[in-house]
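A closer look at the structure
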Amino acid sequence: MRSLCSDLVPFIHEKKEQMFDTEDNRNIFFPFVHKMNTNIFEDVWSMTFFYYISDFIIPLVLFYIVSYALTEKISVYDEFVRGAADGIKTVFQILPTLVGLMAAVGMLRASGFLDFTAEYLTGLAEFLHFPVQLIPLSIIRLFSSSAATSLALDLYKSYGTDSYIGLTASIMMGCTETVFYTMSVYFLTAKVTKSRWTLAGALVSTFAGIAASVVLAGMM
């Protein structure tokens, strides 16, 4: 992408010279091209600037962590080893939950339950002006991000990324969360046994995100 931004600048100059090769063209196109050039250059340089920042931000964060540890006289390597050991323990603790969730999601997809649910909820979805094709994605998104991504890719292949279905699916993937996966992993790690209103609040926010995705995709 950065090379594309770099190649775009001389391309703009070349096209501008071709458009200004005669006096008539200069009088006709100069106001429009000047404004277009300004906007394009601003977009190109801003994109290049952010790409350079993205390259340096992780090394800068690592350098800051090591520098802070040295100023505080903390053994960085010992802390790293201790954190890695704690991370391995956490992985072993949540592994059974992850395996159970992945198996359940695989069973749902293989059994045809999602298609049955989509067909059963067709009337309600049409009443709410919600695309029926997105019902399986809405359900799977609550359990698994990888499975939801797979369903979204299938939708892109069938309807296109710029279609109403594709736009809604993209926005939905960005404004919803894997509620049951997140709750099971984090609550198990933190040893929380009473979730209280967490599930209800998470489901309400998920439904709000789904509704917002439908509205925003319709406005595009």
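Residues numbered from 1 in each chain as written. Predicted model: local features only at pLDDT ≥ 70, side-chain atom pairs only at ≥ 80, totals over all residues. Heavy atoms only, no water.

**Here we look at the overall build of the protein**
The helix and strand tally for the protein stands at ten helices and zero strands. From first element to last, N terminus to C terminus, the protein shows the α and β order α-α-α-α-α-α-α-α-α-α. When each of the 220 residues of the protein is scored for burial, the buried share is 24%. Residue pairs in contact within the protein that sit at least 24 positions apart in sequence constitute 67% of those at least 6 positions apart. Accessible area for the protein stands at about 15,300 Å²; split by element, carbon and sulfur atoms hold 69% of it. (Helix = DSSP H or I, 4+ residues; strand = E, 2+ residues; numbered from the N terminus. Buried < 20%, exposed > 50% of the residue type's maximum accessible area, 1.4 Å probe, protein only. Contact = heavy atoms within 4.5 Å. Areas by Shrake-Rupley, 256 points an atom, 1.4 Å probe, with all protein chains shown as cover.)

**A few points about helix α3 (residues 76–111)**
Taking 1.5 Å as the rise per residue, α3 with 36 residues should run 52 Å; its terminal C-alpha atoms sit 50 Å apart, in good agreement. The axis of α3 is deflected most strongly, by about 40°, at Ile 94, and proline Pro 96 appears within four residues downstream. Of the residues making up α3, those classed as buried are Ile 94, Leu 101 and Val 105. Residues of α3 that are buried make contact with α6 (135–140), α7 (145–159) and α9 (179–190). (Expected span 1.5 Å × (residues − 1). Bend = angle between axes of the 7 residues up to and from the residue.)

**Some details on the nonpolar core**
Counting 20 residues, the largest nonpolar core has Phe 130, Leu 134, Leu 137, Ile 140, Leu 155 and Met 172 as its most contacted members. Among the elements of the structure, α4 (113–120), α6, α7, α8 (164–175) and α10 (198–219) are those that each provide at least two residues to this core. At five residues, the largest contribution of residues to this core is made by α7. Those residues in contact with Phe 130, other than ones at most four positions away along the chain, are Ala 125, Ile 135, Ser 138, Met 172, Ile 210 and Val 214. (Core = buried A, V, L, I, M, F, W, Y, C linked by side-chain atoms within 4.5 Å.)

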